[in-house]
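Reading the structure
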Amino acid sequence: MDFALTEEQTLIFDMAKGFGEDNIAPYAQEWEAAGTIPKELWPRIAELGLGGIYVSEDFGGSGLSRLDATLVFEALAMSCPAVGSFLSIHNMCGGMIDKFGSEETRQKWLPDLCTMSRVFSYCLTEPGSGSDAAALKTRAERSNDGYVLNGTKAFISGGGYSDAYVTMVRTGDDGPRGISALVVEDGADGLSFGALEKKMGWLAQPTAQVQFDDCKVPADNLIGEEGKGFVYAMAGLDGGRLNIAASALGGAQKALDLTLQYMSERKAFGKPINQFQALQFKLAEFETRLQASRTFLRQAAWKLDNGAHDASKFCAMAKLMVTDSAFEVANGCLQLHGGYGYLADYGIEKIVRDLRVHQILEGTNEIMRLIISRQLIADAA
């Protein structure tokens, strides 16, 4: 088996990494303090073809694979996991519309999505339904003009910031078969937002509740068919889990790179601290965990690209393994910095704060264990 990247994939990674180093990393702490990402950044990212990574070229997308996407998000996260992950959410929306939307739906939304003249957010979680996503209560009733929405979505990255929201709503009975997917545009009558959430990490991403009070949405904003929204949402989450894992990997790799540099310069007892065997063992452990995570992540992405029957299980395993390992490596890198790791100037504490949420979103790592075990049991039956 050949695990090497192709020349094109290497160029994709280098392009994203270089853009991040020049246009994201120098401003990451400034954006974190401001609690927002300048919207002018997104069209510049879109010029690289990263606004519609999975979208077909017919609608302005790049038509890249899931494996290609993991390279993009790993590279961008080396500059700021919060920025790269927000782009991942936007692309998850694009992939869902391109895969499940009608020709008219794709034509309506995807060109602006790919240029990022419109930024998209994804609305699934509610105050009372997180891991149990099929229990969502936001309801969309049919009207003469389309749909009328009532309910609340929680923990929405881009709430009050984005231009459109791909929203899972209940159009039928309880359970997953009663859920549909609608696009709600910013400015829609009855759409409002809660106050910005105060968070541990991902501070550059505005996060807020998205609220619908008799919110009117045209009928042609429906994605695909009524009652299929939960299937669409779960399909999108497979790729989303890979991207969140890739972003965690990129953040942890940056933490290790910073730590190697710091340890070559920091002296104790008359020599650089990278000369102490006990600390060298830590570096070896961190490098091994990141390389193993990288290999497994790319295998899971390959399975999703090739429609393997166990792709969802591998996406869940990759999300579990990589995000846990990445957080532990980043936290260990902070420890190797000693007191300096706790200071914002050294960049490590931000990475630790940002990566903690990767173990929670796109399905908690406890839910990943449930998905994996259920598939194991089903396969053994």
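The structure we're discussing is the one just above.
Residues numbered from 1 in each chain as written. Predicted model: local features only at pLDDT ≥ 70, side-chain atom pairs only at ≥ 80, totals over all residues. Heavy atoms only, no water.

1. With respect to helix 1 (residues 7-23)
- For helix 1, spanning 17 residues, the distance from its first C-alpha to its last is 24 Å, which sits close to the expected 24 Å at 1.5 Å a residue.
- Within the sequence span of helix 1, burial applies to Gln9, Ile12, Phe13, Ala16, Phe19, Gly20 and Asn23. Projected down its long axis, helix 1 shows its buried positions confined to an angular sector of 135 degrees, all on one face. The exposed set on the far side of helix 1, more than 90 degrees from its buried face, consists of Glu7, Leu11 and Asp22.
- Looking at the buried positions of helix 1, the neighbouring elements they touch are helix 2 (28-34), helix 3 (41-46) and helix 4 (66-77). (Helix = DSSP H or I, 4+ residues; strand = E, 2+ residues; numbered from the N terminus. Expected span 1.5 Å × (residues − 1). Buried < 20%, exposed > 50% of the residue type's maximum accessible area, 1.4 Å probe, protein only. Arc of directions from axis to C-beta. Contact = heavy atoms within 4.5 Å.)

2. Examining helix 10 (residues 348-356)
- Within helix 10, eight of the nine residues are buried, which leaves it mostly tucked inside the rest of the structure.
- All buried positions along helix 10 are accounted for by Ile348, Glu349, Lys350, Ile351, Val352, Arg353, Asp354 and Leu355.
- On its buried side, helix 10 packs onto helix 2, helix 5 (81-100), helix 7 (229-265) and helix 9 (311-336).

3. Structural notes on the pairing of strand 7 (residues 207-218)
- As judged from the ten bridges shared by strand 3 (residues 146-157) and strand 7, these two strands associate in the antiparallel manner. What sits directly across from Val148, in strand 7, is Lys216.
- Across three bridges, strand 6 (residues 191-193) lies against strand 7 in antiparallel orientation. Across the sheet, the residue bridging to Ser192 is Gln211, located in strand 7. (Pairing = 2+ DSSP bridges.)

4. Remarks on the pattern of salt bridges
- By the definition in use, this model includes 19 salt bridges.
- Residue Asp163 is joined to Lys39 by a salt bridge in which the shortest nitrogen-to-oxygen separation is 3.3 Å. Highlighted residues: Asp163 in the loop between strand 3 and strand 4 (164-170) and Lys39 in the loop between helix 2 and helix 3, separated in sequence by 124 residues.
- Judged by relative accessible area, which is 32%, Lys39 ranks as partly exposed.
- In this structure, the salt-bridge partner of Arg298 is Glu74, at a minimum N-O distance of 3.5 Å. Of this pair, Arg298 sits in helix 8 (residues 277-305) while Glu74 sits in helix 4, placing them 224 residues apart in sequence. Each member of the pair, Arg298 together with Glu74, is buried.
- Through salt bridges with shared partners, a single network forms among Glu32, Glu349 and Arg353. (Salt bridge = Lys/Arg side-chain N within 4 Å of Asp/Glu carboxyl O.)

5. Quick look at the nonpolar core
- Formed by 74 residues in total, the largest nonpolar core has its most connected members in Ile37, Leu41 and Trp42.
- Ranked by residues supplied to this core, first place goes to helix 9 with 14 residues.
- In contact with Ile37, other than residues within four places in its own chain, are Trp31, Trp42, Val83, Phe86, Tyr161, Ala204 and Gln205. (Core = buried A, V, L, I, M, F, W, Y, C linked by side-chain atoms within 4.5 Å.)

6. Points about the side chain of Lys153
- Positionally, Lys153 belongs in strand 3.
- Among the polar contacts made by the side chain of Lys153, one reaches the side chain of Glu126 at a distance of 2.9 Å.
- Those residues in contact with Lys153, other than ones at most four positions away along the chain, are Cys123, Leu124, Thr125, Glu126, Leu136, Thr138, Thr167, Met168, Gln209, Val210 and Phe212. (Polar contact = N/O pair within 3.5 Å; in protein donor to acceptor, adjacent residues only side chain to side chain.)

7. Points about a nonpolar patch on the surface
- A contiguous nonpolar surface patch, about 260 Å² in accessible area, is contributed by Tyr340, Leu343 and Tyr346.
- One can find Tyr340 in the loop between helix 9 and helix 10.
- Overall, Tyr340 belongs to the partly exposed group, its relative accessible area being 34%. (Patch = residues over 30% accessible without salt bridge, like charges linked within 9 Å, V, L, I, M, F, W, Y side chains within 5 Å. Areas by Shrake-Rupley, 256 points an atom, 1.4 Å probe, with all protein chains shown as cover.)

8. Considerations on the packing of helix 5 against helix 6 (residues 103-115)
- Direction vectors running N to C along helix 5 and helix 6 enclose 155 degrees, while the axes themselves pass 10 Å from each other. In this view, helix 5 runs roughly antiparallel relative to helix 6, as classed from their interaxial angle. Crossing of helix 5 over helix 6 shows left-handed handedness. In this structure, helix 5 uses His90, Cys93, Gly94, Ile97 and Asp98 to contact helix 6, whose residues at the interface are Thr105, Arg106, Trp109, Leu110 and Leu113.
- For the contact of helix 5 with helix 6, the residue count by class is five nonpolar, three polar and two charged. (Axes fitted to C-alpha atoms, helices over the stretch in contact; angles between N-to-C directions. Parallel < 35°, antiparallel > 145°, perpendicular 65-115°, else oblique. Left-handed = near helix turned anticlockwise from the far one by under 90°. Nonpolar A, V, L, I, M, F, W, Y, C, P; charged D, E, K, R; others polar.)

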